[in-house]
Amino acid sequence: MVTRRSLGPQFEWLWDAYAVSTLGTWLAFDAFPLIAILALHAGPAEVSALAAAGLAVGALVAVPLGPWVEFRRKRPVMVAMDLTRFVALMSVPAAFALGWLSFAQLLVVSVIVGVANITFRAASGACLKALVRPEDLLVANGRFESTTWTATALGPPLGGAAIGLFGPVITVLADAVSYLLSAVGIRAIGGREPRPVRADAPRLRAGDLLEGWRYILTHPALRPLFFNTILVNGLIMATSPPIAVLMLGRLGFAPWQYGLAFGVPCVGGLIGSRLARRLVARFGQHKVMLTAGTLRACWPLGLAFIHPGAAGIVLVIAVQLGLVTCMGVFNPVFATYRLHRTGTDRVARTLSAWSVSSNATIAALTALWGLLAGITSPRVAIAIAGLLILTTPLLLRRHDHASEHEREPARSHT
């Protein structure tokens with residue numbers, strides 16, 4: 001009988017908090033676009049603007065928060081961000097019930113949630129590295145990835161069904177409650193978390209704001225991964241509003257069918273995340289990351305060929321199954337590789353810079369693809385994104401020559 005490796009009770013609480021908030025997030029999959037389309041009758045340009053504005057402004061506001069988080073205890077920051085997301089999201093069903101919900105409110109809430117997301121991710125990465133031994137990081141990231149894909153498989157179909165039964169804001173309510181429960185879980189981790197100490201003055205310096213980017217862009221192992229991941233994620237997310245408009249509007253799919261088409265394939269992500277550790281043990285970290293990163297680029301173009309009816313649903317499921325299986329392998333290996341090659345004293349700044357850049361890229365590409373879909377059609381916009389994604393493996397390093405000092409950079413590089 002195979003027993004699961006224990007990573008300790010503190011990690012278990014962190015994992016529980018992650019699981020409940022991730023399930024809430026995926027129950028509310030594309031909730032704001034769905035509300036904008038179904039309740040506020042928004043078109044492709046407005047839906048894309050909603051997604052882009054929240055990410056862009058959220059990323060801009062979050063820039064100083066990376067260095068701010070670096071020199072504070074991480075768990076109180078995580079709890080504060082969970083509570084912030086709870087309050088912001090609860091305002092949406094409240095306004096809807098009173099008949100006050102507007103497109104402007106959705107924009108404001110998306111900005112607040114975007115800032116909190118970036119700040120939480122920066123703190124949680126540093127928290128994970130402090131709680132888990134370096135040799136257990138891939139195991140921990142694999143469990144997070146498995147949880148993500150389980151929630152992704154269950155959340156959208158359940159969320160789509162809930163919207164059909166209870167209206168378009170019910171999943172936002174569930175997402176809000178999940179953040180409240182996550183805050184409780186993080187608070188229960190317990191133990192004493194030491195306060196980070198910096199050698200210089202505690203005042204936030206201008207250089208701190210740029211340290212994360214400087215570190216990434218001068219690091220030979222992280223730099224190509226940075227450009228690859230933000231471009232792939234940006235192009236995939238940029239097509240989400242055109243796909244929603246195409247499927248829910250022009251092709252006439254019901255919300256539950258839309259959720260089902262994107263939920264069922266996530267079983268592949270669960271399988272991929274379970275395989276990641278074995279593949280790394282057999283083939284090595286870099287080779288697995290390069291292969292999975294290349295294969296994931298081959299699938300998104302297929303979404304340009306969606307048609308009405310059962311055949312369209314089957315096509316979406318097949319394309320998504322291939323994509324998320326590759327992502328299920330790539331993501332935990334990439335996350336572990338990034339943490340191993342990031343100095344302990346700059347994890348929050350590096351992850352914050354990465355998230356800010358990713359969100360800003362997603363925002364810019366989402367706005368651009370909304371405009372492109374409006375000028376041409378959602379299908380053409382999806383096809384162009386798919387063709388561009390095919391070029392992204394060129395950004396991955398063919399060989400990994402990382403030296404020991406790259407694996408845990410010295411503090412003198414600050």
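Residues numbered from 1 in each chain as written. Predicted model: local features only at pLDDT ≥ 70, side-chain atom pairs only at ≥ 80, totals over all residues. Heavy atoms only, no water.

### What to know about the overall build of the protein chain
In terms of regular secondary structure, the protein chain is built from 18 helices and zero strands. A compact globule built from 414 residues should have a C-alpha radius of gyration of about 22 Å, and the protein chain, at 21 Å, falls within 12% of that. Its C-alpha atoms give the protein chain principal-axis dimensions of about 55 × 50 × 45 Å. The burial tally for the protein chain puts 55% of its 414 residues in the buried class. (Helix = DSSP H or I, 4+ residues; strand = E, 2+ residues; numbered from the N terminus. Rg over C-alpha atoms; globule rule 2.2 N^0.38 Å. Buried < 20%, exposed > 50% of the residue type's maximum accessible area, 1.4 Å probe, protein only.)

### A look at the packing of helix 2 (residues 31-38) against helix 6 (residues 103-131)
Angle between the axes and distance between the axes: these two values describe a pair of packed helices. One can describe the packing of helix 2 onto helix 6 by two numbers: an axis separation of 11 Å at closest approach and a directional angle of 175 degrees. When the axes of helix 2 and helix 6 are compared, the pair comes out roughly antiparallel. Counted together, Phe32, Ile35 and Ala36 of helix 2 and Phe103, Leu106, Val109 and Ser110 of helix 6 form the full contact between these two elements. (Axes fitted to C-alpha atoms, helices over the stretch in contact; angles between N-to-C directions. Parallel < 35°, antiparallel > 145°, perpendicular 65-115°, else oblique. Contact = heavy atoms within 4.5 Å.)

### Some points on the pattern of salt bridges
Within this structure, the stated rule accounts for five salt bridges. The partner of Glu211 in a salt bridge is Arg214, and the shortest N-O contact between them spans 2.7 Å. Here Arg214 and Glu211 lie together in helix 9 (residues 206-217), a separation of three residues that amounts to about one turn. When salt bridges with common partners are traced through the structure, they connect Arg133, Glu135 and Asp136 into a single cluster. (Salt bridge = Lys/Arg side-chain N within 4 Å of Asp/Glu carboxyl O.)

### Structural notes on empty space enclosed by the protein
The full count for this structure, using the stated rule, is four cavities of 30 Å³ or more. Taken as a whole, the second largest cavity holds about 90 Å³ of empty space. Taken together, Ala221, Pro224, Leu225, His286, Met289, Leu290, Tyr337, Leu396 and Arg397 make up the full set of residues lining the second largest cavity. Counting only elements with at least two residues in the lining of the second largest cavity, the list comes to helix 10 (222-238) and helix 14 (285-295). In terms of residue count, helix 14 provides more of the lining of the second largest cavity than any other element does, three residues in total. Its residues assigned to classes, the lining of the second largest cavity comprises seven nonpolar, one polar and one charged. (1 Å grid on protein atoms, 1.4 Å probe; cavity = no way out; pocket = protein on both sides within 12 Å on 5 of 7 lines; lining within 4 Å. Points joined across faces, edges and corners; volume = space filled by probe spheres on them. Nonpolar A, V, L, I, M, F, W, Y, C, P; charged D, E, K, R; others polar.)

### With respect to the nonpolar core
Residues Phe32, Ile35, Leu89, Val92, Met247, Tyr258 and Phe262 are the most contacted members of the largest nonpolar core, which totals 42 residues. Not counting chain neighbours up to four residues away, the residues in contact with Val92 comprise Phe32, Ile35, Leu101, Gln105, Leu106, Val109, Val169 and Val172. One finds Trp15, Ala140, Val347 and Ala348 within the second-largest nonpolar core, a separate group that totals 29 residues. (Core = buried A, V, L, I, M, F, W, Y, C linked by side-chain atoms within 4.5 Å.)

### Comments concerning the confidence of the model for the protein chain
Should pLDDT be low for a region, the predicted coordinates there are not to be read in detail. Confidence in the prediction for the protein chain averages 85 pLDDT; 92% of positions are at 70 or higher. Per-element confidence in the protein chain ranges from a low mean pLDDT of 40 for helix 18 (residues 404-407) to a high of 95 for helix 8 (residues 170-187). Considering only residues more than four positions removed or in separate chains, one finds that residues 403-414, a stretch of pLDDT under 50, has 28 contacts. (pLDDT = per-residue confidence, 0-100.)

### So, helix 8
Over its 18 residues, helix 8 extends 26 Å from the first C-alpha to the last, a length consistent with the 26 Å expected when each residue adds 1.5 Å. Of the surrounding secondary structure, the elements contacted by the buried residues of helix 8 are helix 1 (9-27), helix 2, helix 5 (74-98), helix 6 and helix 7 (137-166). (Expected span 1.5 Å × (residues − 1).)

### With respect to the environment of Ser357
Counting through the fold element by element, Ser357 comes out in helix 16 (residues 347-375). Note on Ser357: relative accessible area 11%, which makes it buried. If near-sequence neighbours (up to four positions away) are discounted, Ser357 is found in contact with Trp213 and Phe226. One polar contact links Ser357 to Trp213, side chain to side chain, over a distance of 2.6 Å. (Polar contact = N/O pair within 3.5 Å; in protein donor to acceptor, adjacent residues only side chain to side chain.)

### Points about the packing of helix 12 (residues 255-263) against helix 15 (residues 310-340)
Where helix 12 contacts helix 15, the two axes come as close as 8 Å, and the packing angle between them is 30 degrees. Viewed along their axes, helix 12 and helix 15 adopt a mutual orientation that is roughly parallel. On the side of helix 12, the interface is formed by Gln257, Ala261 and Phe262, while helix 15 contributes Ile313, Val316, Ile317 and Gln320. Considered class by class, the residues forming the contact of helix 12 with helix 15 number five nonpolar, two polar and no charged.

### Some points on the packing of aromatic side chains
The relative placement of two aromatic rings is captured by the distance of their centres and the angle of their planes. Taken as a whole and assessed by the stated rule, the structure comprises eight aromatic pairs. Ring geometry for Phe226 and Phe227: centres 5.3 Å apart, planes at 65 degrees, overall edge-to-face. Taking the relative accessible area as the measure of exposure, Phe226 reaches 4% and is therefore buried. For Phe227, a relative accessible area of 38% corresponds to the partly exposed category. Among the aromatic side chains, those forming a connected cluster through ring pairs are Phe226, Phe227, Phe330, Phe334 and Trp354. Sitting above the plane of the Phe120 ring, Arg85 keeps its charged end 4.6 Å from the centroid. Cation over ring: Arg338 sits above Trp354, and NZ or CZ is 4.8 Å from the ring centre. (Phe/Tyr/Trp six-rings, centres within 6.5 Å; stacked < 30°, edge-to-face > 60°. Lys NZ or Arg CZ within 6 Å of the ring centre and 35° of its normal.)

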